[in-house]
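Working through the structure, step by step
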Amino acid sequence: MSEVHSGRPAVLPAAGPARAVIDEIFRKAHGEGRSSLFEHEVYRLLAAAGVAATPRHEVLAAGAEPKDEAVASFPGSRVVVKVVSGSIAHKSDVGGVAVVAREPAAVRAACRKMAGIADSAGVMLTEFVQADASGAGSELLVGIRNTREFGMIISAGIGGIDTELLAASARRGQAVVSASTALTTAEEFLELFKPTIGYRRIAGLTRGGRRLVTDEALVQCFGAFIGLANSCSSGDPETDFVIEELEVNPFTCSGGSLVALDGLCRIGRPQPVRPPRPQAKIDKLLHPSSIGIMGASATRMNFGRIVLKNIIASGYDQSRLLVINPDGQEVDGVRCAASLGTLEKKLDLLILAVTADVAFKVIDEVIDTDAAESVLLIPGGMGETEASREPARRMLAKIDEARRAGRGPVFVGGNCLGIISHPGNFDSWFIPEERLPRTQKKAQRSSALISQSGAFLVTRLSKNAFLDPAYMVALGNQNDITHGDMVESFAANPQIHVIGAYVEGFKDLDGLALARAVRKATVAGKQVIIYKAGQSAAGKQAAMGHTASIAGDYEVCLSVLTQAGALVASDVSEFSDLYYISDCLRDKAVGGKRLGAISGAGYDTVAIGDSIQVGDFSMSLAAISPSTRDRFMTILAAKKLDALMEVRNPFDINPAADDEVHLLCAQAMAAEPGVDSVVAGLDPTSPVVRSLKQSARPGYDIESPDSIVQTLPKLVASCPKPIVGVIDGGPLYDPMADRMMEQGVCIFRSSERATRALVRYTEARLRAAQLRGEAAPADQGL
């Protein structure tokens, strides 16, 4: 399924007067050996693309002086004199900008002064544009740039000389916003821009303010930038030049229009793009009808032998399994082939559990003989170290050459833990069962987990066995198959509803490929959760050393993936919470952001109320209707608790509330028409709650039919709204939590974690509904 937008991202026509002008500008600069445009060339570019107005200007060659009539032709009482240079980014820093009286003598003096500036190619006279307003936020910055991971990005925010200062001090999304031009229309980018300080200032939304330009003018400007970006990028096969960076800083507002006062542009040549990985072969990787293993020892328990044993133990048909070993000796009852050349037929999956130097040679042989549809590369030393980068480069060149010719397998790894595919009935991890039990916890596995780091997969599953994905794929170095490839595969899989990905870094343009795949999954009704590592300088360095990954610009990554529909976790713990809650609540209807909460512990209700806002998104505490209020009081009165408590939301139902009160109050809260989702604190330490595996009081254990452990799962299963339970207690209450989770109840061990996860999940579900074009309920949108 293709991306869904309110419209299509703009693209300049492949031919026509505007494109001819733009191509001529780029060819002239390139012919002169320049990768940077002069400012007056930037003005021509902006005018040809229809971005916005530019000031009247005249360019003088180095050493030339303006004539009197030329100076007199400028409007107003002042003229701006600027140095012409393709290498000076900030002209004012070197004395390359002067505002002088519109008098020939003053203008000539300024020109002479600038003649001595290094790298000067002349001077430019421009009209002095009178701004409609002054002060912070009255000027705008708009630009596009070509990023390695996400391709062309558009950014807009506060302009002027204090841009960096204001951006550093403002809250995320308040100073500058960014988006992928391939996934964003001008109208969508305007909506993203509206929460910023810059928009509020020019829209007249500040105290005493007035609107400076219309939304239509902003849409025109953004659309023209997006059109330029999409037409002058490596994604356009017709282009001879790529815009590496185009920035106008500032745009000022004059006479109700946006006017560009300064601009820079760098251009380059399109770079070759790697051929795509065939999805049909990725399906063979996940559901192989035959598997071969190279490197499984018959005499010792090496990694290859552990992999073989795990595949056998997972129930894979041994008649479709073989080892490849020159001595021809079978291993653990599995037949042996002496070499790839002796295979009777092509393998769906070949697993290489050999050293990197051997693996490089085998890869050449696999490609030359077309022996397999897919290859799993376990060894490290395949691109993450300095010594291995050149052999890895040659390997990738051979893979790409074969793929362009329509042959060769897809590769996962190197430095790769392996794959567990329950639908494919195989487990190729080299972690023994005794170190990590693979017990099925869910009646239906409907999620997939992708990670560059195998240890990330192992620790997530070890800490919470109820994550229990259908697929767990370790990508390692991403020498071939990437995050984008795997998310695209699972987006098309009707049995997968939740996709999680741990990302250390991206190969070239794979960030954009991942964003496209996320959008496909979101439009198909699936939830994608991503944790992007390398958010700090130290994290970026660690990612590079671990899986040869370049972490890139985190803010751009966060913005693009969020806009695509992903739920981006801020840390590893939050990732686990979001992945878990997404799978638990995937079949529930998220109709809005009105929260109802109950608990037998007063502090729980306070913690829930304190946790309803995460970032810029907040759920609201639902208003309780009179009929629901009466229903609550009837429940409490039956237990003689009505005189102790007052109905409010969150509702403290008192520590004396037993299992039945917890159940009935959760049921009443979920039935309230004004409530969209419920958090229920289950107060396990209360002496009247049946929360123990074994209790001194007969009938007061979790096996009792009256225990909340037995009754709440039925309510959760029958209720279309999300209900999240909280069991805030120590290890004594682990059996209570486990039994409820086994029955499909979403359980957290603290109220703040439960609420924050629900808030973030609700935000993502509402955003996904918008991307699918579904109308939000009144007052319930983002």
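Thresholds applied
- Residues numbered from 1 in each chain as written.
- Predicted model: local features only at pLDDT ≥ 70, side-chain atom pairs only at ≥ 80, totals over all residues.
- Heavy atoms only, no water.
- Helix = DSSP H or I, 4+ residues; strand = E, 2+ residues; numbered from the N terminus.
- Buried < 20%, exposed > 50% of the residue type's maximum accessible area, 1.4 Å probe, protein only.
- Areas by Shrake-Rupley, 256 points an atom, 1.4 Å probe, with all protein chains shown as cover.
- Lys, Arg positive; Asp, Glu negative; His and termini not counted.
- Charge placed at Lys NZ, Arg CZ, Asp CG, Glu CD.
- Salt bridge = Lys/Arg side-chain N within 4 Å of Asp/Glu carboxyl O.
- Pairing = 2+ DSSP bridges.
- Right-handed = clockwise from strand over helix to strand, strands pointing away.
- Phe/Tyr/Trp six-rings, centres within 6.5 Å; stacked < 30°, edge-to-face > 60°.
- Lys NZ or Arg CZ within 6 Å of the ring centre and 35° of its normal.
- Axes fitted to C-alpha atoms, helices over the stretch in contact; angles between N-to-C directions.
- Parallel < 35°, antiparallel > 145°, perpendicular 65-115°, else oblique.
- Left-handed = near helix turned anticlockwise from the far one by under 90°.
- Contact = heavy atoms within 4.5 Å.
- Nonpolar A, V, L, I, M, F, W, Y, C, P; charged D, E, K, R; others polar.
- Core = buried A, V, L, I, M, F, W, Y, C linked by side-chain atoms within 4.5 Å.
- Polar contact = N/O pair within 3.5 Å; in protein donor to acceptor, adjacent residues only side chain to side chain.
- pLDDT = per-residue confidence, 0-100.

Topic: the overall build of the protein
A count of helical and extended segments in the protein gives 24 helices and 31 strands. Burial status across the protein gives 56% buried among its 782 residues. Carbon and sulfur atoms make up 52% of the accessible area of the protein, which amounts to about 31500 Å² in all. Between the centroid of the 82 positive side chains of the protein and the centroid of its 90 negative side chains there is a distance of 1 Å.

Points about the pattern of salt bridges
Side chains that differ in sign of charge can pair as their charged atoms come close. If you walk through the whole model with that rule in mind, you get 52 salt bridges. In this structure, Asp553 and Arg145 form a salt bridge, with 3.2 Å as the shortest nitrogen-oxygen distance. Taken together, the residues Asp553 in the loop between helix H16 (537-547) and helix H17 (554-564) and Arg145 in strand S5 (residues 140-147) connect sequence positions 408 residues apart. The partner of Asp676 in a salt bridge is Arg594, and the shortest N-O contact between them spans 2.8 Å.

Quick word on the pairing of strand S14 (residues 349-352)
Where burial is concerned, the two faces of S14 agree: the one with Leu349 and Ile351 and the one with Leu350 and Leu352 are both buried. Where strand S11 (residues 291-294) lies against S14, four bridges are found, and the strand directions are parallel. Within S14, the residue paired with Met294 across the bridge is Leu352. In this sheet, strand S15 (residues 374-377) lies alongside S14 in parallel orientation, the contact comprising three bridges. Bridging from a neighbouring strand, Ile351 pairs with Leu376 of S15. Following the backbone out of S14, through helix H11 (residues 356-369) and into the adjacent parallel S15, one traces a crossover that is right-handed.

So, the pairing of S15
Looking along a regular strand, one sees the side chains alternate between the two faces of the sheet. Neither face of S15 is exposed, since Ser374 and Leu376 on one face and Val375 and Leu377 on the opposite face are all buried. Bridge count between S15 and strand S16 (residues 410-413): four bridges; the pairing is parallel. Following the sheet pairing, Leu377 is matched in S16 by Gly413. Regarding the hand of the β-α-β motif, the stretch spanning S15, helix H12 (residues 386-404) and S16 is right-handed.

Concerning the packing of aromatic side chains
A full pass over the atoms with the stated rule returns 14 aromatic pairs. With 5.5 Å between their ring centres and 80 degrees between their planes, Phe193 and Phe222 make a pair best called edge-to-face. Taken together, the positions of Phe193 in helix H6 (residues 186-193) and Phe222 in helix H8 (residues 215-231) put the pair 29 residues apart, joining distant regions of the chain. Looking at Phe222, the relative accessible area reads 1%, which means it is buried. Pairing Phe456 with Tyr502 gives two aromatic rings, centres 4.4 Å apart and planes at 15 degrees, and the pair type is stacked. Taken together, the residues span a long stretch of sequence, with Phe456 in helix H13 (residues 454-463) and Tyr502 in strand S21 (residues 498-503) at a distance of 46 residues. Of the two residues examined, Phe456 and Tyr502, each falls in the buried class. One aromatic cluster in this structure is built from Phe456, Tyr502, Tyr531, Phe575 and Tyr579. In this arrangement the basic side chain of Arg320 is found over the ring face of Tyr316, its NZ or CZ atom lying 4.6 Å from the centre. Sitting over the ring of Phe456, Arg460 keeps its end group 5.2 Å from the ring centre.

Focus on the packing of helix H21 (residues 659-671) against helix H22 (residues 708-718)
Put simply, H21 and H22 touch, their axes get as near as 10 Å, and they point 10 degrees apart. As judged from the angle between their axes, H21 and H22 are roughly parallel. Crossing angle aside, the handedness with which H21 passes H22 is right-handed. Counted together, Asp659, His662, Leu663, Ala666 and Gln667 of H21 and Ile708, Thr711, Leu712 and Leu715 of H22 form the full contact between these two elements. Taken together, the residues of the contact of H21 with H22 sort by class into five nonpolar, three polar and one charged.

Section: the sheet that holds strand S4 (residues 122-127)
Adjacent strands of a sheet form backbone hydrogen bonds with each other and so pair up, either parallel or antiparallel. On the basis of which strands lie adjacent, the open sheet formed by four strands has the order S1-S4-S2-S3 and antiparallel pairing. Only two strands of the sheet have a single partner each, and these edge strands are strand S1 (57-61) and strand S3 (97-101). Across the sheet, the mean angle from the axis of one strand to that of its neighbour is 25 degrees, orientation sign disregarded. Those strands touched by helix H4 (residues 104-114) are S1, strand S2 (78-83), S3 and S4, and its axis lies near 160 degrees from that of S3.

Here's the deal with the packing of helix H9 (residues 279-286) against helix H14 (residues 483-491)
Where H9 contacts H14, the axes come no closer than 10 Å and their chain directions differ by 80 degrees. Relative to H14, H9 is oriented roughly perpendicular. On H14, the residues touching Gln279, Ile282 and Leu286 of H9 are Asp485, Met486, Glu488, Ser489 and Phe490. By residue class, the composition of the contact of H9 with H14 is four nonpolar, two polar and two charged.

Section: the nonpolar core
If you look at the biggest cluster of nonpolar residues, it comprises 148 residues, and the most contacted ones within it are Phe490 and Phe651. For Phe490, the contacting residues outside a window of four places in its chain are Leu286, Ala448, Ile450, Tyr471, Val473, Ile496, Ile499 and Lys526. Listed in part, the 51 residues of the second largest apolar core include Val51, Phe193, Tyr199 and Ile243.

Describing H13
All of the buried residues in H13 are Gly454, Phe456, Leu457, Val458, Arg460 and Leu461. Its side-chain oxygen at 3.3 Å from the backbone nitrogen of Ala455, Ser453 defines the N-terminal cap of H13.

A closer look at the confidence of the model for the protein
Here the protein averages 91 in pLDDT, and 95% of its residues register 70 or above. A low-confidence stretch, residues 1-6 stays under pLDDT 50, and its non-local contacts, those more than four residues away or across chains, total 17 contacts. Counting interchain partners and residues more than four positions distant, the pLDDT-below-50 stretch residues 542-552 has 39 contacts.

As for the sheet that holds strand S19 (residues 447-451)
Strand order in the open sheet formed by seven strands is S18-S17-S20-S19-S21-S22-S23, and the pairing between neighbours is mixed. Pairing within the sheet leaves two strands with one partner each, and these edge strands are strand S18 (426-427) and strand S23 (567-569). Direction of pairing for strand S17 (residues 419-421) relative to S18: antiparallel, over a ladder of two bridges. If you follow Ile420 over to S18, its bridge partner there is Asp427. Packed on one face of the sheet, helix H15 (residues 510-523) meets S21 and strand S22 (527-532) and runs near 150 degrees to S22.

With respect to the side chain of Lys526
Looking at the element boundaries, Lys526 is found in the loop between H15 and S22. One buried charged residue, Lys526, forms no salt bridge at all, with the nearest opposite charge on Asp583 at 11 Å. Only 3.0 Å separates the side chain of Lys526 from the backbone oxygen of Phe490, close enough to count as a polar contact. Setting aside anything within four residues of it in sequence, one finds Lys526 in contact with Phe490, Ala491, Ala492, Asn493, Pro494, Ile496, His497 and Ala521.

Observations concerning the environment of Ser85
As for its placement among the helices and strands, Ser85 is situated in the loop between S2 and S3. Polar contacts involving the side chain of Ser85 include one to the main-chain amide nitrogen of Ser87, which spans 3.2 Å. In this structure the side chain of Ser85 is engaged in a polar contact, spanning 3.4 Å, whose partner is the backbone nitrogen of Ile88.

Looking at unusual backbone geometry
The amide bond that connects Asn249 to the next residue, Pro250, takes the cis arrangement and shows omega of 10 degrees. Assignment of secondary structure puts Pro250 in strand S8 (residues 242-254). For Leu509, which is not a glycine, the phi torsion comes out positive at approximately 65 degrees. Within the secondary structure, Leu509 sits in the loop between S21 and H15. The phi angle at Asn654 is positive, at roughly 90 degrees, despite the residue not being glycine.

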